[in-house]
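Okay, here's what each chain looks like letter by letter:
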Amino acid sequence: MATFERNNKILLDLVQQPGNNLCADCGAPDPDWASYTLGVFVCLNCSGMHRNLPAVSKVKSIRLDHWEDSLVEFMQEKGNSAAKAIFEKCVPVFFYQPQQKDCVVLKDQWIRAKYERREFTGENIYFQKVYSAELFEATLWKKGKDSKQFLKSTFLLSQKDFTLRYFIKEDSKVPKAVINMKDLNAVFQPEKIGHANGLQISYVDDERSKNLFVYHEDGQVIVSFFNAIRATRLAYLLKKNPTLQEKDLKHQLTAHCLKEGYMEKTGPTQREPFKKRWFTLCSMNRKLLYFKSPLDATELGAVFIGTESHGYSVSETSSRNARGSRWRCGISLETPERQFVFMCEQDEEQSEWIMAFRKVISQPMTPEDYANEANLRRGK
């Protein structure tokens with residue numbers, strides 16, 4: 001018992017040290033598991049993914065399991081910072097490094113890329129060449145535009161002309177669409193799409209935002225495709241901004257939306273009946289998009305969100321202004337052209353939406369934002 005308590009105390013002291021106090025793989029605080037073959041401290045969720053790599057990683061609880069002296073000494077010699085210097089030595093800027101809240105497939109493939117495939121140790125640059133190749137091809141299951149059915153489509157990323165093409169027939173020479181990297185975004189949406197490996201690709205076509213919903217049964221295939229999109233976006237942005245470095249553009253490669261969900265909206269006179277719509281707010285393009293349902297291919301409309309100094313603001317509004325709405329938690333969004341009134345079902349949703357709007361309003365506008373605002377106004 002004395003040995004158990006002593007080793008347990010050593011491990012608990014080790015996990016408090018800088019570097020070890022966050023999960024080595026997702027950054028979650030207070031990890032209480034460790035891989036005694038890799039020498040890293042990890043959270044409960046990531047420990048489960050390590051268990052899927054028995055040839056590479058073996059894990060124990062630092063609180064509940066028995067630790068032999070030799071394993072404790074190994075953990076003292078290693079630790080998260082030492083492992084990072086080896087397994088994350090050469091991570092490309094475009095490769096997405098998941099955080100605690102990211103979906104399972106992103107974290108699983110990050111762990112496999114680091115420890116199983118050893119992609120970032122500098123020993124083998126094969127994978128990095130694949131992601132950054134002039135042409136990257138993947139066959140994925142894509143949701144039909146007007147149906148719930150997913151059909152096989154071939155996607156072709158090109159760093160020669162910075163496009164993503166997709167073909168809905170195997171032998172087709174003509175793509176169904178040619179998507180420019182300029183306004184392309186990609187984000188994993190497993191719950192929305194109904195598949196653990198579901199990826200949403202958003203882009204602008206003829207001044208309207210459109211969505212593609214895809215997946216692949218193999219997690220490595222879909223995550224590789226996602227990172228190839230990020231590599232192509234990076235190449236495009238570097239050509240567009242030759243004075244900037246790769247690290248300066250990292251935050252522009254892809255972006256999660258700030259907030260998504262249902263609200264009710266009315267028309268410009270506020271006498272029109274309220275209609276339930278699916279809304280998406282993204283800080284990357286400062287747009288509030290709305291759709292009839294979450295898996296719609298094309299937006300019904302868009303609202304640009306500028307800064308306070310340009311006449312944009314958001315506040316709570318009384319349910320008295322919402323005749324005909326079933327919901328009672330109101331939001332008033334003021335723009336230079338009109339007032340928008342939205343209704344949320346719950347107080348919590350109302351607070352989250354207001355916080356998300358204020359985050360966008362507080363961000364300075366870029367020259368590209370001004371151009372997007374002008375384009376939206378012209379389109380009305």
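Criteria and thresholds
Residues numbered from 1 in each chain as written. Predicted model: local features only at pLDDT ≥ 70, side-chain atom pairs only at ≥ 80, totals over all residues. Heavy atoms only, no water. Buried < 20%, exposed > 50% of the residue type's maximum accessible area, 1.4 Å probe, protein only. Helix = DSSP H or I, 4+ residues; strand = E, 2+ residues; numbered from the N terminus. Arc of directions from axis to C-beta. Contact = heavy atoms within 4.5 Å. Pairing = 2+ DSSP bridges. Axes fitted to C-alpha atoms, helices over the stretch in contact; angles between N-to-C directions. Parallel < 35°, antiparallel > 145°, perpendicular 65-115°, else oblique. Polar contact = N/O pair within 3.5 Å; in protein donor to acceptor, adjacent residues only side chain to side chain.

1. Observations concerning helix α4 (residues 80-87)
Logical step 1: Of the positions making up α4, those classed as buried are Asn 80, Ala 83 and Phe 87. Axial view of α4: buried residues confined to an arc of 65°, hence all on one face.
Logical step 2: The elements touched by buried residues of α4 are β2 (40-42) and α5 (104-116).

2. Some points on the pairing of strand β10 (residues 208-215)
Logical step 1: Among the eight residues in β10, six count as buried, and that is most of the element.
Logical step 2: Of the strand pairs in this sheet, strand β4 (residues 135-143) and β10 are connected by two bridges, and their pairing is antiparallel. From the neighbouring strand, Trp 141 faces β10, where its bridge partner is Tyr 215.
Logical step 3: Relative to β10, strand β9 (residues 199-205) runs antiparallel, the two sharing seven bridges. Along β10, the bridge assignment pairs Asp 205 with Arg 208.
Logical step 4: Where β9 folds back on β10, the antiparallel hairpin that results is connected by two residues, among which Asp 206 adopts a positive phi of roughly 55°.

3. Observations regarding the packing of α5 against helix α8 (residues 219-240)
For any two helices packed against each other, one specifies the crossing angle of their axes together with the interaxial distance.
Logical step 1: At a minimum axis distance of 10 Å, the contact between α5 and α8 shows a crossing angle of 90°. Overall, the two elements α5 and α8 adopt an arrangement that is roughly perpendicular. Only Gly 219, Gln 220, Ile 222, Val 223 and Phe 226 of α8 make contact with α5, whose side of the interface consists of Val 105, Leu 106 and Gln 109.

4. Looking at the side chain of Arg 117
Logical step 1: Along the polypeptide, Arg 117 turns up in the loop between α5 and α6 (126-131).
Logical step 2: Side-chain polar atoms of Arg 117 contact the side chain of Gln 109, separated by 3.2 Å.
Logical step 3: Ignoring anything within four residues of it in the chain, the contact list for Arg 117 reads Gln 109, Arg 112, Phe 127 and Gln 220.

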